[in-house]
Amino acid sequence: MSKKIHEGGKIYGRLRVLAEADTLPKKKGTHVRWLCVCVCGRRVVVPGYKLRQGQWSCGCYRNQKTAARMTAINKRKAERKADRKERN
Ligand SMILES: [Zn+2]
């Protein structure tokens, strides 16, 4: 029997596993990939081990975090500029 973990129907963070995408031969055993749908609506193929490592979004989560960080940096810059203006 194969030790393949069946991920179909499972939910990992933002991803819902739809079906097995394909199985790639790997040096050790097989490398199963899963077709997942993200809460943002994008469909992504994620290897099973990545799901278990915690890659639980299509990438939009990271992008959102980056965007939030950039907004915070720009806000601080703007505040500093305003600060300087007041002092001068
Ligand atoms: Zn997404």
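Residues numbered from 1 in each chain as written. Predicted model: local features only at pLDDT ≥ 70, side-chain atom pairs only at ≥ 80, totals over all residues.

Details of the overall build of the chain
Working step 1: Along the backbone of the chain there are two helices and four strands.
Working step 2: Across the chain, helices and strands are ordered from the amino to the carboxyl terminus as β-β-β-β-α-α.
Working step 3: A buried classification covers 14% of the 88 residues belonging to the chain.
Working step 4: Expressed as a percentage of contacts within the chain between residues at least 6 apart in sequence, the contacts between residues at least 24 apart total 26%. (Helix = DSSP H or I, 4+ residues; strand = E, 2+ residues; numbered from the N terminus. Buried ≥ 20, exposed ≤ 12 C-beta atoms within 10 Å, placed from the backbone. Contact = placed C-beta atoms within 7 Å.)

Some thoughts on the environment of A19
Working step 1: Within the secondary structure, A19 is located in strand β2 (residues 15-25).
Working step 2: Looking at A19, the number of C-beta atoms within 10 Å reads 10, which means it is exposed.
Working step 3: Other than its neighbours up to four places away in sequence, A19 contacts G8 and L35.

Regarding the nonpolar core
Working step 1: The biggest cluster of nonpolar side chains holds seven residues, and these are L15, V17, V32, W34, C36, V46 and L51.
Working step 2: Every element with two or more residues in this core is listed here: β2 and β3 (30-38).
Working step 3: If we ignore the near neighbours within four places in the chain, the residues touching L15 are C36, C38, V46, W56 and S57. (Core = buried A, V, L, I, M, F, W, Y, C linked by C-beta atoms within 7 Å.)

Considering the pairing of β3
Working step 1: One ladder, built from five bridges, connects β3 with strand β4 (residues 43-47); its direction is antiparallel. When the sheet's bridge partners are listed, C36 is paired in β4 with V44.
Working step 2: Two successive antiparallel strands, β3 and β4, enclose a turn made up of four residues, where G41 displays a positive phi of approximately 100°. (Pairing = 2+ DSSP bridges.)

Structural notes on the environment of L35
Working step 1: When you line up the elements, L35 lands in strand β3.
Working step 2: Between the C-alpha atoms of L35 and D22, which are 13 residues apart in sequence, the distance is 8.6 Å.

Focus on the confidence of the model for the chain
Working step 1: Mean pLDDT over the chain stands at 84; residues scoring 70 or higher make up 86%.
Working step 2: β2 is the least confidently modelled element of the chain, averaging 84 in pLDDT, while strand β1 (residues 11-12) averages 92, the highest of any element. (pLDDT = per-residue confidence, 0-100.)

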